[in-house]
Amino acid sequence: MIVWVNGAFGSGKTTLADALRPRWPEALVYDPEQVGYLLREIVPVPTGNFQDLPLWRRQVVDLAAALVAEYRRPLLVPMTLVDPGYHAEIFDGLRERGIDVHHFFLKVAPQVLEARIDNRVHAPDDPEREAEVRSWCKEQIAACVAAIDALPRDTVYLDGELPTGELVDQVLSRVRTGGGA
């Protein structure tokens, strides 16, 4: 089983995954962003977004499926994925391999997202890089908010402005009762 925690940058995906770990210790955390960082070191990313690389999307599916098969443990996947074609490609690929995917999306107001992004530190020793990362994350907010209406109907929407503990309870309740996406 995969529990995919989706949402805009700053919506709390990683925070939620980190909070789920102690309550669901058998789950592994798999961050596909790491696959993107690795690919960036090997091949050019013309658009600047590694999700645009077909290889990234294949590797996300392949590694997730391999982790589930090899370790027989659920995966928590905190990753923004709002392009409908990419979403379908990855989720269909996982389901074709017989993996149940529970898809949660954290809804957060744009102004809250901007404030959270401003309060995060990505590159503390590189102010120029820090500004670039913040700017890029903020530029993605509109697409993430617009994607809410284009996500599959089995997506479970969560209020990402609720306390993290409440979100953990909601995810675990849905996953354990089969009420997830």
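To keep things clear, this report deals only with the structure shown in the data block. (Residues numbered from 1 in each chain as written. Predicted model: local features only at pLDDT ≥ 70, side-chain atom pairs only at ≥ 80, totals over all residues. Heavy atoms only, no water.)

## So, the nonpolar core
Quick note on the threshold: Nonpolar core, defined: a set of buried Ala, Val, Leu, Ile, Met, Phe, Trp, Tyr and Cys residues in which side-chain atoms within 4.5 Å join the residues together. Working definition: with a 1.4 Å probe on protein chains only, accessible area under 20% of the residue-type maximum means buried, over 50% means exposed, and in between means partly exposed. What counts as a helix is a DSSP run of H or I of at least four residues, what counts as a strand is a run of E of at least two, and both are numbered from the N terminus. The contact rule is simple, with two residues in contact once any of their heavy atoms fall within 4.5 Å.
Ranked by size, the top nonpolar core spans 26 residues in total, and within it Ile2, Trp4, Tyr30, Trp56, Leu75, Ile90 and Leu94 carry the most contacts. When residues of this core are traced back to their parent elements, those giving at least two are strand E1 (2-7), helix H2 (32-42), helix H3 (54-71), strand E3 (75-78) and helix H4 (84-96). Sort the elements by how many residues they give to this core and H3 lands first, with seven residues. Excluding residues that lie within four positions of it along the chain, Tyr30 makes contacts with Val35, Gln59, Val60, Leu63, Ala64, Leu67, Leu75, Leu76, Val77 and Pro78. If you look at the next biggest cluster of nonpolar residues, it comprises 16 residues, including Val5, Leu16, Leu106 and Val175.

## Re the packing of aromatic side chains
Each aromatic ring pair is specified by the distance between its two centres and by the angle formed by the two planes. Put simply, the test is: Only Phe, Tyr and Trp rings take part, Trp by its six-membered ring, and two of them pair if their centres are within 6.5 Å. Stacked means planes under 30 degrees apart, edge-to-face means over 60, and tilted covers everything else.
Summed over all chains, the structure comprises five aromatic pairs. Plain terms: the ring middles of Trp4 and Phe91 are 5.0 Å apart, the flat faces sit at 55° to each other, and that makes the pair tilted. Within this pair, whereas Trp4 is found in strand E1, its partner Phe91 is found in helix H4, the two being separated by 87 residues in sequence. The residues Trp4 and Phe91 share a single accessibility class, namely buried. Between the aromatic rings of Phe50 and Trp56, the centroid separation amounts to 5.6 Å while the plane-to-plane angle is 45°, which identifies the pairing as tilted. Classification of Phe50 by relative accessible area gives buried; the value is 5%.

## Notes on unusual backbone geometry
You will see that Arg72, though not glycine, has its phi angle at about 50°, which is positive. For Arg72, the position within the fold is in the loop between H3 and E3. Residue class for Arg72 comes out exposed when judged on its relative accessible area of 69%.

## Regarding the pattern of salt bridges
Heads up, the rule is: For salt bridges, the criterion is a side-chain nitrogen of Lys or Arg within 4 Å of an Asp or Glu carboxyl oxygen.
Counted under the stated rule, the structure contains seven salt bridges. The closest approach of N and O atoms between Asp169 and Arg23, which form a salt bridge, is 2.8 Å. Taken as a pair, Asp169 in helix H8 (residues 164-176) and Arg23 in helix H1 (residues 13-23) lie far apart in primary sequence, 146 residues in all. According to the relative accessible area criterion, Asp169 is partly exposed, its value standing at 40%. By relative accessible area, Arg23 is classed as partly exposed at 43%. The shortest N-O distance in the salt bridge between Asp62 and Arg97 comes to 2.5 Å.

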